[in-house]
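Observations on chain architecture
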Amino acid sequence: QVQLVESGGGLVQPGGSLRLSCAASGLTFSDYGMSWYRQAPGKERELVAGISSDGSSTNYASSMKGRFTISRDNAKNTVYLHLNSLKSEDTAVYYCRARNNFRGYWGQGTQVTVSS
């Protein structure tokens with residue numbers, strides 16, 4: 001079975017940083033593009049960042065570009081999201097997603113709370 005196990009969420013002050021991790025198992029990790037999404041209370045889930053299967057290309061939501069960085073380590077079957085210069089509006093549950101051209105999988109999500 002495919003599992004995406006997330007870690008690294010927590011409470012941070014505005015302007016602070018976090019690194020989220022998502023460890024994948026049950027799939028050939030290097031065959032999958034990886035993405036991070038987030039969902040705030042009462043809002044729809046939105047794309048934060050994506051990275052191609054080989055790590056050669058990335059994409060970001062405009063509001064996150066320049067503050068967040070997605071990366072992957074295929075040897076560790078892990079994708080990361082570095083969150084910098086955090087704002088209160090970044091508070092959300094952050095979800096890891098693995099997908100190829102045929103299907104995708106979701107992680108359970110990890111809470112990020114930005115509050116002074």
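Let us look at the structure shown here. Per chain, residues are indexed from 1 in the order of the written sequence. pLDDT decides what is reported in this predicted model: residues at 70 or higher carry local features, side-chain atom pairs at 80 or more are listed and counted, and totals for whole chains, interfaces and linings draw on all residues regardless. Computation of side-chain values covers all heavy atoms of the structure but excludes hydrogens and water.

**Some remarks on the sheet that holds strand 3 (residues 18–25)**
Any two strands with at least two DSSP-identified bridges between them are counted as paired. Going along the chain from the N terminus, every DSSP run of H or I of four or more residues is numbered as a helix, and every run of E of two or more is numbered as a strand. An order of 1-3-8-7 is seen for the four strands of this open sheet, with the pairing classed as antiparallel. Each edge of the sheet is formed by a strand with only one pairing partner; in this case those strands are strand 1 (3–7) and strand 7 (68–73). Between one strand and the next, the sheet's axes are offset by a mean angle of 15 degrees, whatever the strand orientation. Relative to strand 8 (residues 78–83), strand 7 is paired through six bridges, and the arrangement is antiparallel. Residue pairing in the sheet places phenylalanine 68 in a bridge with leucine 83 of strand 8. Helix axes are fitted only over the stretch in contact, all axes being lines through C-alpha atoms; the angle between N-to-C directions runs from 0 to 180 degrees.

**A closer look at unusual backbone geometry**
With a phi close to 55 degrees, asparagine 77 is a non-glycine residue in the positive phi region. Relative to the helices and strands, asparagine 77 resides in the loop between strand 7 and strand 8. Only protein chains enter the accessibility calculation, which uses a 1.4 Å probe; a residue whose area is less than 20% of its type maximum is buried, one above 50% is exposed, and one in between is partly exposed. Judged by relative accessible area, asparagine 77 falls into the partly exposed class, the value being 26%. Despite not being glycine, serine 85 has its phi angle at roughly 50 degrees, a positive value.

**Overview of the side chain of arginine 72**
Counting through the fold element by element, arginine 72 comes out in strand 7. Lys and Arg are tallied as positive, Asp and Glu as negative. Neither His nor the chain termini are counted. We define a salt bridge as a contact between a side-chain nitrogen of Lys or Arg and a carboxyl oxygen of Asp or Glu at a distance within 4 Å. Within the buried set, arginine 72 has no salt-bridge partner at all; the shortest N-O distance to an opposite charge, 7.1 Å, is to aspartate 54. A polar atom in the side chain of arginine 72 sits 2.9 Å from the backbone oxygen of phenylalanine 29. Throughout this description, a polar contact denotes any pair of N or O atoms lying within 3.5 Å of each other; where both atoms belong to protein, one of them has to be capable of donating a hydrogen while the other can accept it, and for residues adjacent in sequence the pair is counted only when both atoms sit in side chains. Here the side chain of arginine 72 touches serine 52 through a polar contact of 2.9 Å, landing on its backbone oxygen.

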